[in-house]
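# Notes for the structure review
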Amino acid sequence: MAKKTQTVVNAEEKQVKATVKQKENKPHLPKVTVKKKKSVVFIGSESAPFIATGGLADVMGSLPKAIVANGNYDVSCFIPMYSQIKQEYREKFEFVTSFYVNLAWRKQYCGVFKYVYEGVNYFFIDNEYYFAREGKIYGHYDDGERFAFFSKACLDAISALNINPDIVNCNDWQTAPAIIYLKGMYYGDYKFKKIKTVFTIHNIEYQGWYGMNCYEDLFGFDGSLYSYIEFKDCINLMKAAIEMSDKVSTVSPTYAEEIKNSFYAHGLEDIIAKNSYKLCGILNGIDYDYYNPSTDTHIIKNYSADDVSGKAECKLALQKLLGLPEKSDVPIVSMITRLVSHKGVDLVKQVIEQFMTEDVQFVVLGTGDASYEDYFKYVAGLYPNKCKAVIAFNQDLSRKIYAGSDIFLMPSKMEPCGLSQMIASRYGTVSVVRETGGLNDSIKAYYDGQGNGFTFRDYNPYDMLYVLRSAVNTYKNSKVWANVVKNAMTSDFSWDYQAKKYEDLYEN
Ligand code: GLC
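Residues numbered from 1 in each chain as written. Predicted model: local features only at pLDDT ≥ 70, side-chain atom pairs only at ≥ 80, totals over all residues. Heavy atoms only, no water.

## Brief notes about the nonpolar core
If you look at the biggest cluster of nonpolar residues, it comprises 93 residues, and the most contacted ones within it are Phe 78, Phe 124 and Ile 125. By residue number, the principal contributor to this core is helix 5 (residues 143-160), which donates nine residues. If you look at the next biggest cluster of nonpolar residues, it comprises 68 residues, including Cys 314, Ile 401, Ala 424 and Ile 443. (Core = buried A, V, L, I, M, F, W, Y, C linked by side-chain atoms within 4.5 Å. Buried < 20%, exposed > 50% of the residue type's maximum accessible area, 1.4 Å probe, protein only. Helix = DSSP H or I, 4+ residues; strand = E, 2+ residues; numbered from the N terminus.)

Now the structure itself:
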C-alpha cells in the first residue's frame, strides 16, 4: 500500500515538475494567434479565363488571385454568367442559390453559381434573359438594365450567401450601380452598413449615360440620390459611383493625374477634381504564371531573361507562319491592339508607308473600326514581303507575336494602364510607347544602360517615327540591344507589389 502511495507521489511529483518545466518553457514558445481574415468582393462585367474582351478581364482574373496569395483576405469575384462562357468551365460551376431581384417594377429571377478557381471564389449571376445573348457581351439596346440587374443581384447574393465583406470593389460603369444601391439604398440593412466601397476606373471614356426617364422606371433609384446621379441633365452612372464610393482608384498613377484634365476626362474632370482627395492610381500587374516565356506552350521554343536564345527561333517561326522572309537580322515591329482611335492608330496610319521603305517587317494583329482594318489590309497588300495584317482576335497568335517580334509599338492617345507593353517586355520585345497613362509608368526610355524601351511625348506622327527609327538603329547594335531586352525582361510587372497597394487602400 505504502509502495503504491509512493508511486502515486512520484507520479504527482513528475507531473508538477513537468508543469513547472512547461511554464518555464512557455515564454520561448511562439504565440499562436489565429488572425481572422478580412473579406473583399470584386464585382466586374468580365473576368479571365471565363470571359474576356479586354484588359478589365485580365485584371479581374489576376488581381484577386494575387490578393489571396498575400493571405490577408478571403476573395470573392462576381461576374455575369454569359452564355459565351465555355462549356469546359460551365460544367464545373456549382449551383448555390436562387432568388428574385427587384429592379424598379420588375421581379427578375437570379441564379447564383460558384466555382473556386486559384483560391478565389468566383460567383456567376445567372439570368438567361439578360445574359444568354447572341454575339457580343456588350452593345445590346438594354445594357443599362442588364448591368443594373447584375449590380443589384450581386448585392442580394452577398446578403443571401452571408459573405459579409469588409470591402466591395466595383469596376467601371457596368458595376457603378452596385455602389449606388449599396451606399444609397441598402445602407440601412445591417449586412451592408459596415461595407466600404472602392470604385476602380479602368477607362473613364465609358461612363454609362442614360436619359432621366430611366431613373425610377429602369434603375429604380431613390429620389433622394438625384444630386449624385444627375450630370448635365442625364443619368451618369460613373459620376455617381465616383461621388458615392469611399475610395476611387484608377489603373496607373499617371492616369490618376491625367483624368483631372479635360483632354482625358471625357467631361468628368470637375467631378474628379472634387473627389481627388479619395483618388489614387495603382499600376496594374500581369499574371506572371500565365504570361511566361519559359513555360508558354503557344510558342515554339521557351526562353528566359537568363537565356534568351530561344527567342530567335520564335522569330523565324513567326516569319514562316506569316509568310514573311525568314531573316533573323531584320527587326519585326508589331502591334497587338484594338483598331480604334484612342490606341493611336491614326499616328501609325500617317507614317507607316514611309516606315515601310526601310529594312523592317511590320505585323499588326487586331480588330476594330472597319476603316482601320481596311487600311492595314491595304498596306499589307502594298508591301507583301514586309507587312502582315491579321484582322482577328487570336490569343494563340498573339503569344507567337509577343515572343517572335523585336519591337512592340503602342502609341496610344490615351491609355489608362495598358497591359500589352508589359506582356511584350516579359517576352523580351522592346516597347515603343507614347508617354501617357500606364505606358508612362511602365516604360522608361533607354539611355546609358538604363531603361526598358523607347518613348515619345507629343501625339505627333513624326515624333513617333523618330523614336521608332531610333529603336531600329539601336537594334542594329546587338550588344546594346541585348541590354535593352534584358532590362525589358527583368522589369517587374508582376502583381506581387501592386496587390499590396490595393490592400493598403482597403486598410485605409
Ligand atoms: C482598360 C484600359 C486599359 C487597362 C485595362 C485594365 O481596358 O483601356 O488601359 O489596361 O482597362 O485596367
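Anyway, onward from the coordinates.
## With respect to the domain arrangement of the chain
When its domains are assigned, the chain resolves into domain 1 (38-281) and domain 2 (310-492). Contacts between domain 1 and domain 2 engage 16 residues on the former and 14 residues on the latter. Here domain 1 meets domain 2 over a buried area of about 1100 Å², counting both sides, of which 58% is carbon and sulfur. If you sort the residues of domain 1 by the area they bury against domain 2, Thr 254, Phe 263 and Tyr 264 come out on top, with a joint share of 32%. Scanning the region where domain 1 abuts domain 2 turns up zero salt bridges. Where domain 1 meets domain 2, there are eight residue pairs in polar contact (both at pLDDT 80 or more). (Domains from an automatic or database assignment. Contact = heavy atoms within 4.5 Å. Buried area = accessible area lost by both parts, 1.4 Å probe. Salt bridge = Lys/Arg side-chain N within 4 Å of Asp/Glu carboxyl O. Polar contact = N/O pair within 3.5 Å; in protein donor to acceptor, adjacent residues only side chain to side chain.)

## Here we look at the sheet that holds strand 9 (residues 230-231)
Strand order across the open sheet formed by three strands is 8-10-9, with antiparallel pairing between neighbours. Edge strands, defined here as strands with exactly one partner in the open sheet, are strand 8 (209-210) and strand 9. Pairing of strand 8 with strand 10 (residues 234-236), which is carried by two bridges, proceeds in the antiparallel orientation. Looking across to strand 10, one finds that Tyr 210 is bridged to Ile 235. Across the face of the sheet, helix 10 (residues 237-244) comes into contact with strand 8, strand 9 and strand 10 while running at roughly 55 degrees to strand 10. (Pairing = 2+ DSSP bridges. Axes fitted to C-alpha atoms, helices over the stretch in contact; angles between N-to-C directions.)

## Side note on the site of the ligand
Every residue close to the ligand is listed here: Gly 55, Leu 56, Val 59, His 202, Asn 203, Val 251, Asn 284, Glu 415, Pro 416, Cys 417, Gly 418 and Leu 419. Interatomic distance of 2.6 Å between a side-chain N/O atom of Glu 415 and an oxygen atom of the ligand. At 3.0 Å from an oxygen atom of the ligand is found a main-chain nitrogen or oxygen belonging to Cys 417. Among the residues forming the shell around the ligand, the class breakdown is six nonpolar, five polar and one charged. Taken domain by domain, the shell around the ligand gets at least three of its residues from each of domain 1 (38-281) and domain 2 (310-492). (Near = heavy atom within 4 Å. Nonpolar A, V, L, I, M, F, W, Y, C, P; charged D, E, K, R; others polar.)

## A look at the environment of Tyr 506
Within the secondary structure, Tyr 506 is located in helix 22 (residues 495-507). Along the primary structure Tyr 506 and Gly 344 are separated by 162 residues, whereas in three dimensions their C-alpha atoms are 34 Å apart. Within polar-contact distance, the side chain of Tyr 506 engages the side chain of Asn 169 at 2.7 Å.

## Quick look at the pattern of salt bridges
Applying the stated rule across the entire model yields 19 salt bridges. A salt bridge links Glu 118 to Lys 65; its shortest N-O distance comes to 3.5 Å. One end of the pair, Glu 118, is in the loop between strand 4 (106-117) and strand 5 (120-126); the other, Lys 65, is in helix 2 (residues 55-70), and 53 residues separate them in sequence. Residue classification places Lys 65 among the buried residues on the basis of a relative accessible area of 16%. Here Asp 143 ties to Arg 146 by a salt bridge, and the two come within 2.7 Å at their closest N and O atoms. A residue pair is termed a helical-turn pair when its members lie 3 or 4 positions apart in one helix, as Asp 143 and Arg 146 do in helix 5 at three residues. Accessibility expressed as a relative area gives 0% for Arg 146, which makes it buried.

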